[in-house]
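Now for the letters of each chain:
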Amino acid sequence: MEKGLFQKHDSGRKMNHPEKFHAKTLKGLERLLADELHSLGAVKTEVVNRGVNFYGGRALLYKVNVASRLALRVLLPIMHFRAEDPESLYRKVKGYDWSHYLDNRMTFSIDPVVHSPVFRNSHFVAMKVKDAIADRFREQTGLRPSVDKERPDILINVHISGQQVTLSLDSSGGSLHRRGYRAGTFKAPLNEVLAAGMIMATGWKGEKPFIDPMCGSGTLAIEAALIAADIPPGIFRTRYGFENWKDFDRDLMERVVQNLPGEKKVPVPIIARDVNRDAVKLTRQHLRRLELEHLVTVEEKDFAASSGPTEGAIIVMNPPYGKRMDPGHIASLYSMIGTTLKHRFPGSDAWILSSSKEAFRYIGLKPAKKMVLYNGSLECLFVKYRTFRGNWKEYKTSETEG
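In this convention, every chain numbers its residues from 1, walking through the sequence in written order. Confidence filtering applies because this is a predicted model: local features only for residues at pLDDT of at least 70, side-chain atom pairs given and counted only at 80 or more, and all residues used for totals across whole chains, interfaces and linings. Remark: hydrogens and water are excluded; side-chain values derive from all non-hydrogen atoms of the structure.

Below, the discussion takes up the overall build of the chain. Per the secondary structure count, the chain includes eleven helices and 15 strands. Each radius of gyration is computed over the set of C-alpha atoms, and the globule rule expresses the reference value as 2.2 Å times the number of residues to the power 0.38. Relative to the globule expectation of 21 Å for 402 residues, the C-alpha radius of gyration of the chain, 24 Å, shows essentially globular dimensions. The principal-axis extent of the C-alpha atoms belonging to the chain is close to 80 × 45 × 45 Å. Out of the 402 residues in the chain, the part that is buried amounts to 52%. Secondary structure elements are defined from DSSP: runs of H or I of at least 4 residues count as helices, runs of E of at least 2 residues count as strands, and each element is numbered from the N terminus. Whether a residue is buried, partly exposed or exposed follows from its accessible area with a 1.4 Å probe, protein chains only, as a fraction of its type maximum: under 20%, in between, or over 50%, in that order.

Moving on, we come to the packing of helix 2 (residues 58-67) against helix 7 (residues 250-258). How two helices pack is summed up by the angle between their axes together with the distance between the axes. In the contact formed by helix 2 and helix 7, the axes pass within 9 Å of each other and the chain directions differ by 50 degrees. Considering the angle they form, helix 2 stands oblique to helix 7. Handedness of the crossing formed by helix 2 with helix 7: right-handed. Touching Arg58, Ala59, Tyr62, Lys63 and Val66 of helix 2 are Leu252, Met253 and Val256, all from helix 7. Class assignment of the residues belonging to the contact of helix 2 with helix 7 gives a composition of six nonpolar, no polar and two charged. Axis lines are fitted to C-alpha atoms, over the contacting stretch for helices. Their N-to-C directions set the angle, which ranges from 0 to 180 degrees. When describing relative orientation, an angle under 35 degrees is termed roughly parallel and one over 145 degrees roughly antiparallel, while 65 to 115 degrees is termed roughly perpendicular and anything else oblique. Left-handed describes a crossing whose near helix is turned anticlockwise from the far helix by less than a right angle; the clockwise case is right-handed. Note on contacts: a residue pair is in contact if any heavy atoms of the two residues lie within 4.5 Å. Three residue categories are used. Nonpolar comprises Ala, Val, Leu, Ile, Met, Phe, Trp, Tyr, Cys and Pro, charged comprises Asp, Glu, Lys and Arg, and polar comprises the others, including Gly.

Stacked, tilted and edge-to-face pairs are distinguished by plane angle, under 30 degrees for stacked and over 60 for edge-to-face with tilted covering the rest, among Phe, Tyr and Trp rings (Trp via its six-membered ring) whose centres lie within 6.5 Å. Using the criterion set out here, one finds ten aromatic pairs in the structure. Residues Trp204 and Phe210 carry aromatic rings whose centres are separated by 5.0 Å and whose planes lie at 50 degrees to one another, so their mutual orientation is tilted. On the accessibility criterion, Trp204 (2% relative accessible area) is buried. What makes Phe210 buried here is its relative accessible area of 0%. Here the aromatic rings of Phe242 and Phe248 are separated by 5.7 Å at their centres, their planes lie at 35 degrees, and the arrangement is tilted. Grouped by ring-pair contacts, the aromatic residues Tyr62, Tyr240, Phe242 and Phe248 constitute a single cluster. For a lysine, the NZ atom is tested; for an arginine, the CZ atom; a charge sits over a ring if that atom is within 6 Å of the ring centre and within 35 degrees of the ring normal. Against the face of Tyr55 rests Lys44, its NZ or CZ located 4.9 Å from the ring centre.

Contact geometry of helix 1 (residues 30-40) with helix 2 gives a least axis separation of 10 Å together with a crossing angle of 125 degrees. When the axis of helix 1 is compared with that of helix 2, the two are oblique. Of the two possible hands of crossing, helix 1 and helix 2 adopt the one that is right-handed. Of the residues in helix 2, those in contact with Glu36, Leu37 and Leu40 of helix 1 are Leu60, Lys63, Val64 and Ala67. Broken down by class, the residue content of the contact of helix 1 with helix 2 amounts to five nonpolar, no polar and two charged.

Okay, the nonpolar core next. Leu89, Trp98, Ile133, Leu167 and Ile270 are the most contacted members of the largest nonpolar core, which has 125 residues in total. With eight residues, helix 6 (residues 219-228) is the single largest residue contributor to this core. Beyond its immediate sequence surroundings of up to four residues, Leu167 is in contact with Leu76, Pro77, Ile78, Met79, Phe81, Val93, Trp98, Val129, Ile156, Asn157 and Val158. To define a nonpolar core, start from buried Ala, Val, Leu, Ile, Met, Phe, Trp, Tyr and Cys residues and group those joined through side-chain atoms within 4.5 Å.

Below, the discussion takes up the pairing of strand 5 (residues 107-115). At least two DSSP bridges between two strands are needed for those strands to be called paired. Looking at chain direction, strand 5 and strand 6 (residues 146-147) are connected through two bridges and run parallel. Bridge pairing in strand 6 places Thr107 opposite Ser146. Pairing geometry for strand 5 and strand 7 (residues 154-161), over eight bridges, is parallel. By the bridge assignment, Ser109 is partnered in strand 7 with Leu155.

Moving on: the environment of Ser68. In this structure, Ser68 sits in the loop between helix 2 and strand 4 (73-82). With 34 residues separating them along the chain, Ser68 and Ala34 place their C-alpha atoms 11 Å apart. For Ser68, the residues in contact, after removing those within four places along its chain, are Leu33, Glu36, Leu40, Lys63, Arg179 and Pro233.

What follows covers the sheet that holds strand 14 (residues 367-375). Strand pairing in a sheet relies on backbone hydrogen bonds, with the paired strands running either antiparallel or parallel. Pairing in this open sheet of seven strands is mixed, and the strands run 11-10-9-12-13-15-14 from one edge to the other. Of all the strands in the sheet, just strand 11 (296-300) and strand 14 have a single pairing partner and so form its edges. Neighbour to neighbour, the strand axes of the sheet diverge by 20 degrees on average, direction disregarded. Where strand 9 (residues 210-212) meets strand 10 (residues 270-274), three bridges bridge the pair, whose relative direction is parallel.

Further remarks concern the sheet that holds strand 2 (residues 45-48). The strand order across the open sheet formed by eight strands is 2-3-1-4-8-7-5-6, and the pairing between neighbours is mixed. At either end of the open sheet lies a strand with only one pairing partner, and these are strand 2 and strand 6. In this fold helix 3 (residues 86-94) packs onto strand 4, strand 7 and strand 8 (164-170), with an angle of close to 110 degrees to the strand it touches most, strand 4.

In this section: unusual backbone geometry. The phi torsion at Arg50 lies on the positive side, around 60 degrees, for a residue other than glycine. Along the chain, the position of Arg50 falls in the loop between strand 2 and strand 3 (51-56). Look at Asp230: it is not a glycine, yet its phi comes out positive at around 60 degrees. Along the chain, Asp230 turns up in the loop between helix 6 and helix 7.

What helix 3 keeps buried is the set Ser88, Leu89, Tyr90, Val93 and Lys94. Along its buried surface, helix 3 packs onto strand 4, helix 4 (122-141), strand 7 and strand 8. Polar contact criterion, stated in full: a pair of N or O atoms within 3.5 Å, where within protein one must be able to donate a hydrogen and the other to accept it, and residues adjacent in sequence count only if both atoms are side-chain atoms. Its side-chain oxygen at 3.1 Å from the backbone nitrogen of Glu87, Asp85 defines the N-terminal cap of helix 3.

As structure tokens, then:
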């Protein structure tokens with residue numbers, strides 16, 4: 001698959017001092033994202049709900065968009081103020097000099113996120129902000145930039161909490177979980193950022209075999225391959241929001257891309273399995289689009305009839321769950337998962353994501369660790385189990401000696 005190309009735009013203002021950015025993520029992944037931002041070069045981070053504030057220059061902004069596995073969007077805050085009512089919101093947005101970022105030939109769109117008893121309708125907020133920007137241009141130039149909700153030149157994020165309003169430029173130009181490889185979905189696809197977060201939460205970096213025994217469309221195995229090979233997930237995207245900014249620095253962006261690490265050799269197998277033939281076919285199709293077939297082995301196999309490598313493995317799985325599942329099916333499925341892990345995957349670490357706390361009761365293994373993650377609006381448990389060879393006493397003795 002061809003890597004993204006960066007178009008040239010006129011550069012405007014140059015900013016050499018550190019700027020404040022905000023990276024959005026899924027609830028539960030904030031601290032993992034803060035650690036990742038530090039590894040990418042951020043000197044200072046501030047963990048907030050569903051995101052992390054961080055500081056740096058434009059090179060860091062570009063790098064985070066391309067290399068972050070856990071950021072959904074990267075925002076550049078440009079306005080922060082208090083609005084007591086819709087008219088004060090309109091007035092303050094209209095009073096800002098939008099010519100720094102927009103002109104009459106460009107398109108824009110508003111992305112509202114509203115939690116406020118004053119502003120109850122996010123669509124209304126988007127309309128007021130849009131009208132304020134358009135009216136300012138019309139009064140000053142006689143013309144106005146057009147709105148394009150599908151592919152705007154500038155995407156403006158509006159966040160309102162109570163009466164506190166923050167307007168930001170969306171440097172990503174859309175959610176970064178869209179890596180650019182999906183040719184289709186299988187049942188309930190796992191968000192790519194959540195999949196990467198699950199793997200990073202396990203601490204796995206490619207030092208032992210990785211297995212997803214219920215792979216669906218292959219998201220977990222693909223994210224595992226990108227992590228193990230140190231491939232930045234954003235290089236497959238064809239466009240970013242910051243490319244349309246007036247001060248976009250093409251030369252700087254090219255240096256950022258050139259300085260990204262090359263693909264590492266992966267010394268262990270990464271295995272994606274599913275009992276469903278269509279899921280296996282779709283996983284292989286996604287791997288071909290990314291040219292990662294050499295990193296992931298895809299197998300059509302029933303988990304109950306499968307087994308792990310003799311040296312043990314890390315197993316990360318997202319089995320079916322949800323209110324639409326029959327309770328009897330939940331019991332039989334999760335009981336099978338526990339039995340299979342115990343007897344066919346000795347010496348392994350297994351991590352399971354599910355929104356059903358009841359389901360974990362049927363696994364029949366003692367949890368070694370638990371954490372809360374969110375799959376969309378669903379609160380889920382991500383639970384680690386350790387399987388061992390021999391009896392429990394021998395396992396505890398080996399652990400103590402180790």
